[in-house]
Amino acid sequence: YKNETSNRKMKRLHAPWRWIPSLYFAEGLPNVIVTFIALLMYKRLGLSNEDATFYTSWLYLPWVIKPFWSPVVDILHTKRWWILTMQLLIGASLAGVAFSLHCSPMVQWTLAFFWLLAFSSATHDIAADGFYMLQLTPREQSLYVGIRSTFYRVSTIAGQGLLLMVAGTLEVYTRSPLKAWSITFALSAAMFGLLYAYHKYYALPRPQSDTAATVNGRQMFKAFIDTFISFFRKPGVLAAIAFMLLFRLPEALLTKVCPLFLVDPISKGGLGLTTSEIGFAQGTLGVIGLMAGGILGGIVASRDGLKRWLWPMVAAISLPDILYVALAYFQPEALHWAAACIFIEQFGYGFGFTAYMIYLMQYAQGPSKTAHYAFATGFMALSLMIPGLFAGWLSDLLGYLNFFILIIGLLPVTFIVSALIKVDNKR
């Protein structure tokens, strides 16, 4: 009877709802900070569009190459150890950014800590996803996937929305963008310290199956090479890679320059929004639109299959981009116009991006599907990294209006690569 009571108590203590929301919040927030907030921070601190986009686009690299060091996470230590260690490193990296904003040269020091943050976050992703599969049964994995995705999105709202609004309020209160961003990153570091303590001492269970791999490094390396080669031998691989890299080309350029356009003054072709206004328009309303579009896309695709909805989704991710041409041409001063356009464009992106993700899962099916999906997500990260490297240079060269017109001119690329792929009508 005592053993049965103890087991029930342990089950309640380590119930999935105690650790899944916080774990996937901790997985999503560093990604938002690296890919979005760092860009806006550098812009607010005086970097040019070219420099801000070039430096921050390289920070996608850890997510591009994470499949190549994922075997190390399996070989050394437990998934729990990796999760907790990476959360400590993420917190230390955020504290390092807060401190190094006051150092000289500021850009080099902060970028060094952002690199540490990016690699720690990508490694945390590997460990967290592995831990999720180890701790939960297949039925539980399906049951909690919605909670997992929801709290990953909540972290996006917290980062792009609340964190930016905090930074914007501090900019007004302190009258110093440098001090405001330093305090914001210090608060983020403190939050990760709390997440680490919560997971280590209270929420994160210790699965019996969470052990280091018994195979040696040479065996793991050989298995990895075989899996890697088999990915490039799959039918239609060239069309698939073209789709993975180019489907989001217009959106990848837009995503990198959009925050810079919103913050630049009217005299420079932008909309002149404050940091807090961007946090509300893009980080809150925009993310809600993204989530709503993604949910709707998932519902219709599961009901009718991807083949039925591919072209509506391609149109949804492409055509709303024209709204930015209108914003750059008219430069409305009222926030609600920008907020409405951002919501519509992000809703279309969320709906259309469903096609991309479903295709990646379909393409990865077969032997080694987990590893093949990891390679596919590496190409997904690369599809954002490469355009981002020269997006700022292009926007400086052309001006915002002509840059957005160029994006409209690139929309046929999305339609062409979508026509090349073979889509299964599985539901």
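Before any of the text, the structure's been laid out above.
Note that the structure is a prediction, hence the values are computed from the model and not measured.

(A) Geometry of the packing of helix α4 (residues 61-75) against helix α6 (residues 106-135). Two numbers describe how α4 lies on α6: the axes approach to 9 Å, and their chain directions differ by 50°. One finds that α4 runs oblique with respect to α6. The two elements α4 and α6 cross, and the hand of that crossing is right-handed. Contact with α4, carried on its side by Leu61, Pro62, Trp63, Ile65, Lys66, Trp69, Ser70 and Val73, involves Trp115, Ala118, Phe119, Ser121, Ala122, Thr123, Asp125, Ile126 and Ala127 of α6 and no other residues of that element. The residue inventory of the contact of α4 with α6, partitioned by class, reads twelve nonpolar, three polar and two charged.

(B) Spotlight on empty space enclosed by the protein. Considering all chains together, one arrives at one cavity of 30 Å³ or more under this definition. Lining the largest cavity we find Phe247, Arg248, Pro250, Glu251, Ile317, Ser318, Asp321, Leu411 and Thr414. For the lining of the largest cavity, the class distribution of residues is four nonpolar, two polar and three charged.

(C) Spotlight on the packing of aromatic side chains. Taken as a whole, this structure holds 35 aromatic pairs when the rule is applied. On the numbers, 6.0 Å between centres and 70° between planes, the contact of Tyr42 with Phe114 is edge-to-face. Within this pair, whereas Tyr42 is found in helix α2 (residues 16-44), its partner Phe114 is found in helix α6, the two being separated by 72 residues in sequence. Taken individually, Tyr42 and Phe114 each receive the classification buried, so the pair is uniform in this respect. Directly above the aromatic system of Tyr356 lies the positively charged group of Arg248, at a separation of 5.2 Å from the ring centroid.

(D) Region of the structure containing the layout of surface pockets. The computed volume of the second largest pocket comes to approximately 260 Å³. Looking at the second largest pocket, it is lined by twelve residues, and the ones nearest its centre are Pro235, Tyr359, Tyr363, Lys422 and Asp424. A total of three residues in the lining of the second largest pocket trace back to one element, the largest contributor, which is helix α15 (residues 335-364).

Analysis parameters
Residues numbered from 1 in each chain as written. Predicted model: local features only at pLDDT ≥ 70, side-chain atom pairs only at ≥ 80, totals over all residues. Heavy atoms only, no water. Axes fitted to C-alpha atoms, helices over the stretch in contact; angles between N-to-C directions. Helix = DSSP H or I, 4+ residues; strand = E, 2+ residues; numbered from the N terminus. Parallel < 35°, antiparallel > 145°, perpendicular 65-115°, else oblique. Left-handed = near helix turned anticlockwise from the far one by under 90°. Contact = heavy atoms within 4.5 Å. Nonpolar A, V, L, I, M, F, W, Y, C, P; charged D, E, K, R; others polar. 1 Å grid on protein atoms, 1.4 Å probe; cavity = no way out; pocket = protein on both sides within 12 Å on 5 of 7 lines; lining within 4 Å. Points joined across faces, edges and corners; volume = space filled by probe spheres on them. Phe/Tyr/Trp six-rings, centres within 6.5 Å; stacked < 30°, edge-to-face > 60°. Buried < 20%, exposed > 50% of the residue type's maximum accessible area, 1.4 Å probe, protein only. Lys NZ or Arg CZ within 6 Å of the ring centre and 35° of its normal.

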